[in-house]
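Commentary on secondary and tertiary structure
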Amino acid sequence: MKQWPIDRVHTNRGDFALRRRQGDGRPLVLIHGWPESSATWTTLLAHLPAELDVIAPDLRGLGDSPRTAERDAYGKQALAQDVLAVVQALGIDHFALVGHDWGGIVAQEIALAEPMRVTHLGVSNIAVINNLDVNRRIAGKPNRYVWYQHFLNTGLPEALIPGRERAFLETFLRMSGDRPFPEAQVQEYVRCYAIPGTPTTAANLYRSYRSDIRRWASLAGRRFDMPAAYIYGEHDVVITPDYLDGLEACFRDIHITRLDAGHFVQEEQPAAFADAVVQLLQR
């Protein structure tokens, strides 16, 4: 599979890597999660309308974006400001927004920060941050598949991951069993994870989680007013179906699409994922 070329953009928050397919239609910003990069959307491109102006930045600490050591730089509000700086540097005012995993959290933070600029919001396989009661209930349930979150909050990533990037990443990327995951994507994520400093910066997405939770506790009663979609790979063992409970109260207008996929739904089912995105943009 041919990789989507990487560009760079200078912003007031640093120089960020991104992938862009320019069209003469509306801008669509795609935000990846952990442990991936903007390359996660490569398989999606062929299934999206050619007129869309597709912008996919690399989040700080992953892909080819800056490796900032300070943990506070990975709070999801801070990462949202990074993406907004990229969009601003590209001269884009209004845009649709779709995020997966931590990128879905960052997308929600952007939609809260700039609700008049985000025309449509898509979230995939991650918690909805204003769904407080449901998230607290799920946090109290044991789940053996979230061990890696505890691992990333120790000092072990720096000691154990360097030189073993592929073995570490395949534990997660191949966790959907017989569902296909593109080999070219695995190689790309291994390349990026081998960039010096990445075991720390990637783990900081999780090490900043407690401060994120304290902030989200203030979101009771907040709602997303733009048309929204939750695109769910229903075989995800970490983001279980319970996370979909109560979503109607979190959005003015939410449509839920369930797909036959695991956590990495956009790579396992790119055509169906793209169709759900197109349906969102038509609302």
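So, a few notes on the structure that sits alongside this text.

About the thresholds
Residues numbered from 1 in each chain as written. Predicted model: local features only at pLDDT ≥ 70, side-chain atom pairs only at ≥ 80, totals over all residues. Heavy atoms only, no water. Pairing = 2+ DSSP bridges. Helix = DSSP H or I, 4+ residues; strand = E, 2+ residues; numbered from the N terminus. Axes fitted to C-alpha atoms, helices over the stretch in contact; angles between N-to-C directions. Buried < 20%, exposed > 50% of the residue type's maximum accessible area, 1.4 Å probe, protein only. Expected span 1.5 Å × (residues − 1). Salt bridge = Lys/Arg side-chain N within 4 Å of Asp/Glu carboxyl O.

Things to note about the sheet that holds strand β5 (residues 95–100)
- An order of β1-β2-β4-β3-β5-β6-β7-β8 is seen for the 8 strands of this open sheet, with the pairing classed as mixed. Looking at the sheet topology across the chains shown, the edges are occupied by β1 (7–11) and β8 (254–259). When the angles between neighbouring strand axes are averaged without regard to direction, this sheet yields 25°.
- The pairing of strand β3 (residues 27–31) with β5 spans 4 bridges and is parallel. Each bridged residue has a counterpart across the sheet, and for L28 the counterpart in β5 is A96.

Quick notes on the environment of Q187
- Here Q187 lies in helix α8 (residues 183–193).
- Exposure remark for Q187: the relative accessible area of 47% places this residue in the partly exposed category.
- Separated by 138 residues in sequence, Q187 and P49 have C-alpha atoms that sit 27 Å apart.

Quick word on helix α12 (residues 270–281)
- Counted at 1.5 Å a residue, the expected span for α12 with its 12 residues is 16 Å, and the 16 Å between its end C-alpha atoms agrees.
- For α12, every residue scored as buried is listed here: P270, F273, A274, A276, V277, V278, L280 and L281.

Some remarks on the pattern of salt bridges
- The full count for this structure, using the stated rule, is 17 salt bridges.
- For R19, the salt bridge identified is with E188, shortest N-O distance 3.1 Å. On the criterion of sequence distance, the pair formed by R19 in strand β2 (residues 14–21) and E188 in helix α8 is long-range, its members being 169 residues apart. E188 shares its class with R19; the two are buried.
- A salt bridge links R166 to E183; its shortest N-O distance comes to 2.9 Å. Here R166, found in helix α7 (residues 165–173), pairs with E183, found in helix α8; they are 17 residues apart in sequence, far enough to count as distant.
- On the accessibility criterion, R166 (32% relative accessible area) is partly exposed.
- Salt bridges linked by common partners bring R19, D64, E188 and R191 together as one network.

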